[in-house]
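# Descriptive structure summary
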Amino acid sequence: MGGDDVRLRAVVGLAQGMAAAHAPRESWRAAAAGACRALGGSFAALSVWERELGRLRVLANVGERARDEEEFPEDEAYPVHQFPEITEFLHERWVGGGGPNAWVETADGPAAGHAEYCHQRVAALRRRGRGCCVVAPIVMHGRAWGELYVARPAGAPVFDRADADFATVLASVVAAGIAQTERLEEARRLAFTDALTGLANRRAVDMRLDEAIERHRAEGVVVSLVVCDLNGLKRVNDTRGHAVGDRLLERFGSVLSLCGAMLPGTLAARLGGDEFCLLAVGPAADEVVRVADELCRRAGELELGEGVACGVASTEDPLGPVRSARRLFRLADAAQYRAKAVRSAKPVVAGREGPDDPVVRLADAPPSAAAERRRFRGRR
């Protein structure tokens, strides 16, 4: 009875660890680490079956890793034909009405479960100084999703049938945790993604900009914002229909994403309607202006629309103290408004027209006193 209590606590602990994860990687690590503890292993790995690529890709390695094993490997993957049990052995059991049961293998060959396809795993056990492993398929929505792998070092007690059965239970708990993580990730993605263009949305910009300004205040990191207004969208909608207008938005979104990629770590977003932005944290202001200039050039070459009005504001330029995300946003927005007003084919940069810069004056003026009566967007 005491052993049952220990295993029940282990199952609860694994489930709680995955539930507490805030990102997929944390969930993968929690799954592997929880299973490793529950089964008394020294090493554990979680892998996913990528059907379209015909491979088993390792997501996380925990415990006593070999020199060639990284915690979150970028490219550790194995052709499925080396481990055909994931497609043949498991599938045959399900078709026959059985469940996806775990099995045990040792450095000397198959043990409990008799997986039948063991030569690659046996070779890996020997190469990495491990004595045995238990492999549990992870099944979601009635299909093999991947596997949970737990090993013990050479000389340690070999896993038995009871361990394999317990690993099957753990794999079902892991499957439930991964499904929950994927649902949360999808909800998070939808909450921070513009549905039409696939870019980040205004909510994502607000959050990232708040964090960036905090870093600027604490560490002096350069924060730059490029705000764009896509010219001619209304004309396209009125004369050619909204489907064509949507195509223009999508096409410009691709151009924006391409230009944003020229600045490492830059967020490309659609603020709403015909308004877009790039948020760069770290690159020098001149680099951001260069990319904004390239963006204007590429936008002007689009078959639809009439180019963009583009404004740039960077904490590296003479803007005065930038203590809030709201002020940087107003500066970039005022620069974009000026670019539109003078029909500039290039970006207007806040703070670069001398001590009495009209963009800075416009951004900092009380809304009711601004000659242009510019209405700034949103809560910022």
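Structural notes, computed from the coordinates.

Conventions adopted
The numbering scheme is per chain: residues are counted from 1 as the chain's sequence reads. Restriction of local features to residues with pLDDT of at least 70 applies here, the model being predicted, together with a cutoff of 80 or more for giving and counting side-chain atom pairs; totals for whole chains, interfaces and linings are based on all residues. With hydrogens and water set aside, each side-chain value is computed from the structure's full complement of heavy atoms. Strands here are runs of E lasting at least two residues and helices are runs of H or I lasting at least four, both read from the DSSP assignment and numbered beginning at the N terminus. Any two residues whose heavy atoms approach within 4.5 Å at even a single point are treated as in contact. All accessible areas in this document rest on Shrake-Rupley with a 1.4 Å probe, and a residue is counted as covered only by the protein chains that are shown. Nine residue types can take part in a nonpolar core, namely buried Ala, Val, Leu, Ile, Met, Phe, Trp, Tyr and Cys, and a core is a set of them joined through side-chain atoms within 4.5 Å. Under the scheme applied here, a residue whose accessible area is under 20% of the maximum for its type counts as buried, over 50% as exposed, and between as partly exposed, the area being computed with a 1.4 Å probe on protein chains only. What makes two strands pair is DSSP finding at least two bridges between them. Under this scheme, a helix contributes an axis fitted over its contacting stretch, all axes are lines through C-alpha atoms, and angles between N-to-C directions fall in the 0 to 180 degree range. By the convention adopted, Pro, Cys, Tyr, Trp, Phe, Met, Ile, Leu, Val and Ala count as nonpolar, Lys, Arg, Asp and Glu as charged, and the other residues, Gly among them, as polar. Ring pairs shown here join Phe, Tyr and Trp side chains whose ring centres sit within 6.5 Å, with only the six-membered ring taken for Trp; geometry is labelled stacked below 30 degrees between planes, edge-to-face above 60, and tilted in between. Any Lys NZ or Arg CZ found within 6 Å of a ring centre and within 35 degrees of that ring's normal is scored as a charge over the ring.

### A word on the overall build of the protein
Of the regular secondary structure elements, the protein holds 11 helices and 12 strands. Considering only residue pairs separated by 6 or more positions, the protein has 64% of its internal contacts joining residues 24 or more positions apart. For the protein, the exposed surface amounts to about 18,300 Å²; the carbon and sulfur share of it is 51%.

### Here we look at the nonpolar core
Counting 38 residues, the largest nonpolar core has L46, V134, L170 and V174 as its most contacted members. Contributing elements (two or more residues each) for this core: α1 (2-19), α2 (24-38), β1 (43-50), β2 (55-63), β6 (130-140), β7 (143-153) and α5 (161-191). A per-element tally of this core places α5 first, with 10 residues. Within the second largest apolar cluster, 33 residues are counted, among which are L209, L271, L319 and A339.

### Examining the sheet that holds strand β11 (residues 308-314)
The mixed open sheet is built from 5 strands, whose spatial order is β9-β10-β8-β11-β12. Two strands bound the open sheet, and with one partner strand each, they are β9 (267-272) and β12 (348-349). Here strand β8 (residues 223-230) runs beside strand β10 (residues 275-281); their pairing, made up of 7 bridges, is antiparallel. Bridge pairing links V227 to C277 in β10. In the packing of helix α6 (residues 202-219) onto the sheet, the strands contacted are β8, β9 and β10, and the crossing angle to β9 comes to about 130 degrees.

### Thoughts on the packing of α6 against helix α10 (residues 325-341)
Remark: α6 packs on α10, axes separated minimally by 9 Å, with the N-to-C direction vectors making an angle of 115 degrees. Residues R202, V205, L209, D210 and I213 of α6 touch α10, and the partners they reach there are A325, L328 and F329. Taken together, the residues that form the contact of α6 with α10 break down as 6 nonpolar, no polar and 2 charged.

### A word on unusual backbone geometry
Residues other than glycine seldom take positive phi values, yet R343 does so here, at roughly 55 degrees. Here R343 shows up in the loop between α10 and β12. Given the relative accessible area of 77%, R343 is considered exposed.

### Quick word on the packing of aromatic side chains
Overall, the coordinates contain 2 aromatic pairs when judged by the stated rule. Ring geometry for F43 versus Y149: centroids 6.3 Å apart, planes at 75 degrees, classification edge-to-face. Of this pair, F43 sits in strand β1 while Y149 sits in strand β7; the two residues are 106 residues apart in sequence, bridging distant segments of the chain. Take F43 and Y149: they sit in the same class, and that class is buried. Ring centres 4.9 Å apart and planes at 80 degrees place the aromatic pair F252 and F276 in the edge-to-face group. In this pair, F252 sits in helix α8 (residues 242-260) while F276 sits in strand β10, placing the two residues 24 residues apart along the sequence. Taken individually, F252 and F276 each receive the classification buried, so the pair is uniform in this respect. Positioned above the aromatic ring of F43, the side-chain terminus of R130 is 3.8 Å from the ring centre. For R202, the ring lying beneath its charged end belongs to F329, and the centroid distance is 4.4 Å.

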